[in-house]
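An overview of the molecular structure
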Amino acid sequence: MPPPVVLGYYRFTDIFFEWHKALPEIEDVSPLKAMIAYDALVHPEHPLRKHRTDGIELFVARLLFSSAQVEYIRYWLHAVGLTKKLIPIPSSEYMIKLSDLRSCSPAVYSNAAAFKKAFKQLDKANKRLKGSQPRLTARRLGFERIRAFWGEKSGTWLAIDFEAWEMDHSMITEFGWSLLRWEDGKEVRDRGHLIIQERRQYYNHNYIQGNRDRYNFGDSENVDKRTFRERIHKLMTDHLTKGPLYLVFHDPSQDVKYLHSKDIDAPLSGLSFVLPETTPKEGLYVVDTAEMFAGLEGESGGNTRGLERMARLLGSYVENEHNAGNDAHYTLEALESMASGDPIDAQREKRWPERLSATQPKVVFKPTDEDSDLTDGDDVNAIDVRPTDDPYMQLDDDDDANLWGKF
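Cut-offs used in this document
- Residues numbered from 1 in each chain as written.
- Predicted model: local features only at pLDDT ≥ 70, side-chain atom pairs only at ≥ 80, totals over all residues.
- Heavy atoms only, no water.
- Pairing = 2+ DSSP bridges.
- Helix = DSSP H or I, 4+ residues; strand = E, 2+ residues; numbered from the N terminus.
- Axes fitted to C-alpha atoms, helices over the stretch in contact; angles between N-to-C directions.
- Expected span 1.5 Å × (residues − 1).
- Buried < 20%, exposed > 50% of the residue type's maximum accessible area, 1.4 Å probe, protein only.
- Parallel < 35°, antiparallel > 145°, perpendicular 65-115°, else oblique.
- Contact = heavy atoms within 4.5 Å.

The chain has the name Gfd2/YDR514C-like C-terminal domain-containing protein in an unreviewed UniProt entry, where Somion occarium is given as its organism.

Here we look at the sheet that holds strand S7 (residues 168–183)
As summarised here, the arrangement of the six strands in space is S9-S8-S7-S6-S10-S11, forming an open sheet in which the pairing is mixed. Single-partner strands in this sheet number two, and they are strand S9 (221–223) and strand S11 (284–288). Strand-to-strand, the axes of this sheet are offset by a mean angle of 30°, without reference to chain direction. Pairing between S7 and strand S8 (residues 186–196): 10 bridges, direction antiparallel. Bridge pairing in S8 places Glu183 opposite Lys186.

As for helix H6 (residues 134–151)
Since the α-helix advances by 3.6 residues per turn, residues separated by three or four positions end up pointing in the same direction. Counted at 1.5 Å a residue, the expected span for H6 with its 18 residues is 26 Å, and the 26 Å between its end C-alpha atoms agrees. All of the buried residues along H6 are Leu136, Arg139, Arg140, Leu141, Phe143, Glu144, Arg145, Ile146, Arg147, Ala148, Phe149 and Trp150. A positive phi of about 55° marks Lys153, the residue just after H6.

Focus on the packing of H6 against helix H11 (residues 324–339)
Following both chains from N to C, one finds H6 and H11 inclined at 95°, their axes separated by 9 Å at the closest point. Considering the angle they form, H6 stands roughly perpendicular to H11. Taken together, the residues of H11 that come into contact with H6 (itself represented by Phe143, Ile146, Arg147 and Trp150) are Leu335, Glu336, Met338 and Ala339.

Have a look at this one:
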């Protein structure tokens, strides 16, 4: 049988509870129910299990089977002799067409308990989100699209950051980058920190504490303005030829202005702030970790959190922020923590199980979430803390568990 084409999706509840009721032959009911039972779906020998996938892959918008999976269930039951003929497909009224879905990302469940828990979590999340504002809906949609693209090992993810003189923000002084892409399924990483030699005398210490000479991940490079510009151009053009290029920022507004500035004039033709519905083969896209975290946190308003605060809430800490190389490095690792984790509602349950409200989507944090020595009356903004480990990141000791960068 050739691989079925995905034409749409069916809700898990419709397949689990309704499909067998519509079968014309009563003897076909038992094989179908047995095949789609929780324990059967997660069994290592289930025919729907994909090669090198540790569990059953379903799709998260709610909890969905693809039409290709449903088609294969019909084929497999008949091919092994459990049904006399191909059972009919579910009624078309149950199919959700691709055009009706704004986001649909895969999720893998390796055991029946996790499967059942996911079903309950999605049901609770849908109740919390009922009537939520469009901004939060868009943030959650973006989160799942990023997660889906990352899971497909699509393109190059390039986190970048600029630093400028605090007395004249048009005076760029530093550039940092940290990137991840895949070759033949293997990770390829690169990172660095450039300082403009002619502007070394412009140092920040009045309004923010500069850390230009405290790059945590190697040696900084002092280059002239021309080389500075050429290196940034080459970094971008080299990776634009290798598939889609995702420029990762924590709040892109100022850094994109720097890329457009006369000092840099980066190759930004076709830059899009909107991610496509399906994984792109090429193009240049903006990814904003501030918006990602706002979706994860359940923030429906205009406020987003600074990097250092989010690092604490994600279970990490920052060291020597306001160094462009450090900030880029932490930004990419923060993206990786969220993008490589579970679907958004499962992440919320795993990260903050005691802070979720039954009636509202936003996580209710307390000062004590950020440091065990705090009391509820302490001012978190005034205290530098190092929280517990991020459950989604397993870093080497050399990485010093750093995930984030600047405010």
